[in-house]
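Commentary on secondary and tertiary structure
Listed below, chain by chain, are the residues.
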Amino acid sequence: MNKFKIVMVDDNWEICELFKTIIQNLEMFDVISFDKGYKFLEYIEENKYDIAIIDIDLPDISGYEIIKNIRNEMESYAPIIVISAFEDFSHKIKALELGADDYIVKPVNIFEVVIKMNNLLKRQSYLCELNKRESIIQEKAEIIKILKSFFQEKIYQPAIKLKKHFDEELSKGKESFNIDNYVNSYKKLSEGFDKLIQNYEMLSSEIEKRIEKIEEKKAEFLPQTEIEKKFKTKFW
């Protein structure tokens, strides 16, 4: 099973090492820890991760600035848990307003942290699945739009022009119906159908490509049972 990558920044190295040891023993997570905020930021700018754990009181940069950077500069929506010694409610509110998903006051219960990580990662997976489904809805809407445009521009309007042409010929009376008129009229009709067939083949090819894309996306869907299984953690 692929492990989830947890990135953590806390200036207390002992806490980092203890957290890393306990979490990695669960065999669901890999933990990468930092004691400096700027090193942490450098790492997450270049590497993928599943969840960030951030202390507020760091020696080089505030944890609030890190949260702002993740949400605004990097435009990342990976889950963020703040673990801080600040008990004041205003600190919690500030962190949550900046984009943190949870705020835990030290000393922490590791099992509580793991459960909250699981819940956040599960929510993230559900959101990913919803985004996949939304992209398919958008793809289908685009197909409908293409079909509507095709029938309007390539069938309806040409049919109106052909009808107008034949109506004009009919309005001239029987005396105008000679062999040349017949030939020209049928030639125009034949050309119209040739264009229609050509346009239909182009449309059919485009629709097939889009349907293939939709099927590829559908194949990536995870059923709810698989998501639940993926995040099942055993503590003992």
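The structure displayed is predicted, hence computed values, not measured ones.

Quick look at the pattern of salt bridges now. Scanning the entire structure with this criterion turns up nine salt bridges. Note that lysine 68 and glutamate 65 form a salt bridge whose closest N and O atoms lie 3.2 Å from each other. Linking lysine 68 with glutamate 65, this pair stays in helix α3 (residues 63-73), spanning three residues, or about one helical turn. Here lysine 116 and aspartate 102 are joined by a salt bridge, their closest N and O atoms 3.4 Å apart. Of this pair, lysine 116 sits in helix α5 (residues 110-171) while aspartate 102 sits in strand β5 (residues 102-105), and the two are 14 residues apart along the sequence. Here lysine 116 falls in the partly exposed class, since its relative accessible area comes to 23%. Ionic contacts of the salt-bridge type, sharing partners, join the residues Asp10, Asp55 and Lys106 into one network.

This part is about the sheet that holds strand β4 (residues 80-84). In spatial order, the strands read β2-β1-β3-β4-β5; together these five strands make up an open sheet with parallel pairing. Lying at the two open borders of the sheet, with one neighbouring strand each, are β2 (29-34) and β5. On average, adjacent strands in this sheet sit at an angle of 20 degrees to one another, irrespective of strand direction. The sheet contact formed by strand β1 (residues 4-9) and strand β3 (residues 51-54) spans four bridges and is parallel. For valine 9, the partnering residue across the bridge sits in β3 and is isoleucine 54.

Of all six residues in β1, five are buried; the element is thus mostly enclosed. Direction of pairing for β1 relative to β2: parallel, over a ladder of six bridges. Following the sheet pairing, valine 9 is matched in β2 by phenylalanine 34.

Right, let's talk about unusual backbone geometry for a bit. Of note, the amide linkage connecting lysine 106 to proline 107 takes the cis form, showing an omega dihedral of -5 degrees. With respect to the helices and strands, the residue proline 107 is situated in the loop between β5 and α5. One non-glycine residue, glutamate 75, lies in positive phi territory at about 55 degrees. Counting through the fold element by element, glutamate 75 comes out in the loop between α3 and β4.

Let us now look at the layout of surface pockets. In this structure, the largest pocket encloses a volume near 420 Å³. As for the largest pocket, its lining consists of 14 residues, and the residues nearest its centre are Pro158, Leu162, Lys188, Gly192 and Lys195. Secondary-structure elements contributing two or more residues to the lining of the largest pocket are α5 and α6 (179-219). Here the lining of the largest pocket gets eight residues from one element, more than from any other, and that element is α6. Residues belonging to the lining of the largest pocket are distributed by class as follows: seven nonpolar, two polar and five charged.

Time to look at a negative patch on the surface. A grouping of Glu208, Glu212, Glu216 and Glu220 is seen on the molecular surface, where their side chains present a negatively charged patch. Along the chain, glutamate 208 falls in helix α6.

Cut-offs and rules
- Residues numbered from 1 in each chain as written.
- Predicted model: local features only at pLDDT ≥ 70, side-chain atom pairs only at ≥ 80, totals over all residues.
- Heavy atoms only, no water.
- Salt bridge = Lys/Arg side-chain N within 4 Å of Asp/Glu carboxyl O.
- Helix = DSSP H or I, 4+ residues; strand = E, 2+ residues; numbered from the N terminus.
- Buried < 20%, exposed > 50% of the residue type's maximum accessible area, 1.4 Å probe, protein only.
- Pairing = 2+ DSSP bridges.
- Axes fitted to C-alpha atoms, helices over the stretch in contact; angles between N-to-C directions.
- 1 Å grid on protein atoms, 1.4 Å probe; cavity = no way out; pocket = protein on both sides within 12 Å on 5 of 7 lines; lining within 4 Å.
- Points joined across faces, edges and corners; volume = space filled by probe spheres on them.
- Nonpolar A, V, L, I, M, F, W, Y, C, P; charged D, E, K, R; others polar.
- Patch = residues over 30% accessible without salt bridge, like charges linked within 9 Å, V, L, I, M, F, W, Y side chains within 5 Å.
- Areas by Shrake-Rupley, 256 points an atom, 1.4 Å probe, with all protein chains shown as cover.
- Lys, Arg positive; Asp, Glu negative; His and termini not counted.
- Charge placed at Lys NZ, Arg CZ, Asp CG, Glu CD.

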